[in-house]
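# Coordinate inspection notes
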Amino acid sequence: MKRIYKSIMVLSGITIGLLMATGCSKYVDKGPLDQLTDQNFWTSENNVQAFSWGFYNDIITGFGTGTNGRFYFSSFSDDQDNSTFLNFDKNAPAGDGNWSFGDIRKANLLLARINEVPISQTAKNYWAGVARFFRAWCYFRLVERFGDVPWYGVVPDISDTSLIYEPRTPRNTVMDSVLADLNFAIANLYSAADANTNVGSNTINQDCALALKSRVCLYEGTYAEYDENNNTRAAQYLQECKDASYKLITSGSYTPAADFRSTYNSESLAGAPNMILYRSYILNQVTHSTVGYTNSTTVMYGPSKSAVNSFVCKDGLPIDLSPEYKGDTSIQDVLANRDGRLPETIDSFLCYGNNRVFGMSSSTGYRPNKFLPDGVEKPGDYSTAPYNTTDAPIFWIEETMENYAEACAELDKLGQYTITQADLDISINKLRARSSVDVAPLQIYGHQGTAINGVPFVDPQKDPDVTSLIWEIRRDRRDELMMDGFRLEDLLRWHKLDYMDPQINPDVFLGAWIKSSPAGQTVNADGYLEVYPAGTTRPVQPQDYLWPIPTGEISLYPNGELTQNPGW
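First, a word on what this report is: a plain description of the structure on this page. Predicted, not measured: the structure shown is a model, and the values here were computed from it.

### Some words on the overall build of the chain
In terms of helices and strands, the chain carries 19 helices and 12 strands. Here the C-alpha coordinates of the chain stretch approximately 75 × 50 × 50 Å along the principal axes. Classification of the 568 residues of the chain by burial places 58% in the buried group. Pairs at least 24 apart in sequence give 70% of the contacts found in the chain among residues at least 6 apart. Counting 47 positive and 68 negative side-chain charges, the chain places the averaged centre of each group 3 Å from the other.

### What about the sheet that holds strand 12 (residues 528-530)?
The antiparallel open sheet is built from three strands, whose spatial order is 10-12-11. Each edge of the sheet is formed by a strand with only one pairing partner; in this case those strands are strand 10 (510-513) and strand 11 (522-523). Bridging between strand 10 and strand 12 involves two bridges; their strand directions are antiparallel. Looking across to strand 12, one finds that Leu510 is bridged to Glu530.

### What to know about the layout of surface pockets
Empty space within the second largest pocket amounts to approximately 690 Å³. Contributions of two or more residues to the lining of the second largest pocket are made by helix 12 (305-309) and helix 17 (468-480). Tallying contributions element by element places helix 17 first for the lining of the second largest pocket, with four residues. Here the residues of the lining of the second largest pocket are counted per class, giving 10 nonpolar, five polar and 14 charged.

### Describing empty space enclosed by the protein
Applying the stated criterion across every chain yields a total of three cavities of 30 Å³ or more. If you trace the largest cavity, you find it lined by Phe140, Glu144, Arg215, Leu218, Tyr219, Asn403, Arg477, Phe486, Glu489, Asp490 and Arg493. Mapped by element, the contributors of at least two residues to the lining of the largest cavity are helix 4 (121-146), helix 8 (206-226) and helix 18 (487-493). Residue composition of the lining of the largest cavity, grouped by class: four nonpolar, one polar and six charged.

### What to know about the pattern of salt bridges
Counted according to the given criterion, the structure contains 39 salt bridges. With a shortest N-O distance of 3.6 Å, Glu344 and Arg261 are connected by a salt bridge. Note that Glu344 is positioned in the loop between helix 13 (331-335) and strand 4 (346-350) and Arg261 in the loop between helix 9 (231-249) and helix 10 (262-265), a separation of 83 residues in sequence. For the salt bridge of Asp507 with Lys305, the shortest nitrogen-to-oxygen distance reads 3.3 Å. Placement of the pair is Asp507 in the loop between helix 18 and strand 10 and Lys305 in helix 12, with a sequence separation of 202 residues. Owing to a relative accessible area of 22%, Asp507 belongs among the partly exposed residues under this scheme. Among the charged side chains, a salt-bridge network with shared partners connects Asp339, Arg341, Glu398, Arg432, Arg434, Asp476 and Glu480.

### Here we look at a nonpolar patch on the surface
A surface patch of nonpolar side chains, about 370 Å² in accessible area, is lined by Ile158, Ile164, Tyr165 and Leu556. Mapped onto the secondary structure, Leu556 falls in helix 19 (residues 551-556). Classification of Leu556 as exposed rests on a relative accessible area of 53%.

### Details of the side chain of Thr169
The topology assignment puts Thr169 in the loop between helix 5 (161-164) and helix 6 (171-188). Judged by relative accessible area, Thr169 falls into the buried class, the value being 13%. If sequence neighbours within four positions are ignored, Thr169 has contacts with Asp148, Val149, Pro150, Trp151 and Val174.

### What about the packing of aromatic side chains?
Tallied over the full model, the rule gives 40 aromatic pairs. Measuring from ring centre to ring centre gives 5.1 Å for Phe55 and Phe134, while their planes differ by 15 degrees; the resulting arrangement is stacked. Of this pair, Phe55 sits in helix 2 (residues 45-59) while Phe134 sits in helix 4, and the two are 79 residues apart along the sequence. Each member of the pair, Phe55 together with Phe134, is buried. Summarising the aromatic geometry, the rings of Phe133 and Phe395 are spaced 6.4 Å apart at their centres and angled 75 degrees between planes, so their arrangement reads as edge-to-face. Here Phe133 is found in helix 4, whereas its partner Phe395 is found in strand 6 (residues 392-396), with 262 residues between them in sequence. When its relative accessible area of 0% is taken as the criterion, Phe133 is described as buried. Relative accessible area serves as the criterion here: at 0%, Phe395 is assigned to the buried category.

Criteria and cut-off values
All chains use their own residue numbering, which begins from 1 and follows the written sequence. This being a predicted model, a pLDDT of at least 70 is required before a residue's local features are given, and a value of 80 or more before pairs of side-chain atoms are given or counted; all residues contribute to the totals for chains, interfaces and linings. Side-chain calculation: all heavy atoms of the structure are included, whereas hydrogens and water are not. Secondary structure follows DSSP: runs of H or I at least 4 residues long count as helices, runs of E at least 2 residues long count as strands, and numbering of each begins at the N terminus. When accessible area is computed with a 1.4 Å probe and restricted to protein chains, residues below 20% of their type maximum are described as buried, those above 50% as exposed, and intermediate ones as partly exposed. What makes two residues a contact is simply this: any of their non-hydrogen atoms within 4.5 Å. Neither His nor the chain ends contribute to the count of charged residues, in which Lys and Arg are positive and Asp and Glu negative. Lysine's charge is taken at NZ, arginine's at CZ, aspartate's at CG and glutamate's at CD. Should DSSP find at least two bridges between two strands, the strands are taken to pair. Both site types are read off a 1 Å grid over the protein atoms alone. A 1.4 Å probe that fits but cannot get out defines a cavity, while an open set with protein on both sides within 12 Å along at least five of seven lines defines a pocket; lining residues have an atom within 4 Å of a point. Grid points are joined across faces, edges and corners, and a volume is the space filled by probe spheres set on the points. Classification used: nonpolar for Ala, Val, Leu, Ile, Met, Phe, Trp, Tyr, Cys and Pro, charged for Asp, Glu, Lys and Arg, polar for all others including Gly. Counted as salt bridges are all cases of a side-chain nitrogen of Lys or Arg within 4 Å of a carboxyl oxygen of Asp or Glu. Candidates for patches are residues over 30% relative accessible area with no salt bridge; among them, like charges are joined within 9 Å and nonpolar side chains (Val, Leu, Ile, Met, Phe, Trp, Tyr) within 5 Å. Here the accessible surface of atoms and residues is derived via Shrake-Rupley with a 1.4 Å probe, and residues count as covered only by protein chains that are part of the display. Stacked, edge-to-face and tilted are the three classes for Phe, Tyr and Trp ring pairs, Trp counted by its six-membered ring, which pair at centre distances within 6.5 Å; planes under 30 degrees apart are stacked, over 60 edge-to-face, the rest tilted.

Written as C-alpha cells, this is what we have:
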C-alpha cells in the first residue's frame with residue numbers, strides 16, 4: 001500500500017498552515033470553536049500524525065517534479081553533463097530557497113507540544129523522535145550547503161528578537177547537535193515492525209534513523225578529515241557511521257535487490273528486500289518527472305565519459321588493466337564484459353545531435369536508462385512528465401553498505417581500525433555478487449592495497465592523493481549510486497571538486513566516441529563528442545566548497561550580525 005502520501009496530506013497542509021501562522025499561543029485571538037488553533041489542536045494522536053505528514057512532503061524529495069529531484073536532475077558533478085553548461089556561482093544571490101528553517105520550526109513546535117497530547121509516554125517519545133529525526137535531516141542539509149548556520153532548538157517568541165536574529169552557529173556545533181538528535185531518534189522511535197503496527201507502513205522508524213545516521217556521519221567524518229584536517233573528529237564520526245551501518249546490514253532485515261534497476265524503476269517498492277524507506281507516487285495525487293525526462297525528445301543530461309569509464313570489467317579490474325575491455329569505438333564494445341551496473345545505467349544505443357533515436361538525444365550520446373520501467377524504450381511507451389508514478393528510494397541497504405565499506409577503510413587509514421576482508425565481503429562484495437552486477441570481489445592486499453583473485457593491482461588513473469583501497473571503494477560507490485544525488489556531496493566532503501574541472505579531468509566534458517563531427521556536433525581530436533564548445537572551463541575556487549549566504553537574508557539582520565561565507 002502506498003502510505004507516505006495519501007489523502008490525509010490535504011488535512012496536514014491546512015493544519016500546519018494554521019498552526020505555523022498562529023505561532024506562539026499568547027498572540028492568538030480566541031476563534032470559532034470549530035477552528036483548529038494551537039490551543040485546541042494538540043488533543044489526539046491522529047492530529048499529531050496529521051501534523052507529521054508535512055515533514056514527509058517537505059523533506060523527502062525523492063524523484064521530484066519539474067527538474068528539482070535528487071535523482072537524475074542533480075547533474076552538477078563529474079558524472080553528468082547538463083544540456084546547458086553549469087558552473088559554480090560567481091556572485092551571492094539575493095535569495096536561496098535552500099536557506100529555509102520552516103520545517104525546523106515545525107519540528108521544534110512538535111517537541112514543545114507533544115507532552116500536552118493525551119497519549120502514552122511511549123507514543124510521546126516516538127513523536128519526539130520523529131521531530132528530532134527531521135530536524136537533524138534539515139540541519140544536515142543546511143550545513144552541507146552553507147557551513148555555519150543559526151541553530152534553533154525552540155520555537156522563538158515573536159518578541160524575542162535576539163533569538164529570531166540568531167547569528168550563525170559553528171558548523172561543528174550544529175553537527176554535534178544533529179548527531180544528538182539522531183541518537184535520540186534511534187533510542188525512541190518504534191522499530192520498523194512496531195511503526196508498521198502503530199503508525200503505518202513505510203513511516204519513520206529506528207532503521208530510518210540508523211540509515212540517516214550512517215549517511216550523515218560518513219559525510220561529517222570525511223569532511224573533518226579532508227576539509228578540516230581534524231583526524232580526531234574524523235575518527236569519532238567515522239566510527240559512528242561504521243557502527244550504525246553495521247547494525248543495519250547485519251540485522252537480517254534487508255538484502256540487496258537482485259535486480260539492480262528494480263530499486264529505481266518499480267511502480268511499487270512495497271516489500272522490496274532492500275528498502276528501508278521509499279517515497280510513493282500515485283496517479284492524479286503525487287507524481288514526478290524523472291522517467292519523462294529520460295524518455296522524451298528533450299535533450300537528456302547524459303553520463304560523462306569520466307563516469308562511463310569508471311565502471312570496471314567483470315573481472316573486477318579497471319578498463320586500463322583488464323584484458324576483457326573491448327574499447328569504446330561502439331556502444332556494444334563499451335558495454336561488453338563490464339560491471340552489470342553499466343548497462344543498467346546507460347542504454348545500448350547512442351543518441352546525440354542530429355543522430356537522434358526515436359527522436360531522443362543525450363548531451364553526451366549516452367542515454368540514461370536507469371529509471372526506465374521495464375519495457376519502456378521510447379517516447380509514448382510511458383506517461384510523460386510530470387505524470388510518472390514509479391516509486392523513489394529514500395533509504396536503501398545498498399547505500400548503507402557503501403557507507404560501511406568507506407568508513408572502515410577511512411578508519412583503517414587513520415590507524416583507528418584494521419579493515420578485514422570480511423568487512424568488504426558483507427558490504428561492497430555483496431553488491432558485486434548480485435546476478436545483475438556479476439563483478440569479481442575486491443580483495444585487500446597489505447595495508448590499503450587492492451587485489452583481484454590474489455593478484456595486486458593499482459588503477460593507472462588513480463588519484464595520487466588516495467590509497468588504492470579507498471579509490472576502489474569510492475569507485476564502487478560512484479557506480480552503485482550514479483545519478484542518485486550523492487556525487488556532488490561526495491566531491492565536497494573529499495575536497496575533490498577539481499574532478500569537475502576539465503583542465504584536471506578532461507573526460508568530464510566529453511561523451512561517447514563518435515569518430516567524426518556530424519552536423520551540429522563537434523568532436524575532439526580523438527573522436528569523442530565534445531559536450532560544450534572547445535575551451536569551456538570550470539575552474540574551482542576555495543569559496544566553491546560552501547554556497548553563499550543569500551544577501552537578502554544578511555540585510556534582514558541588524559548590524560551585520562549574519563555574516564557571509566569566506567570569498568563571497
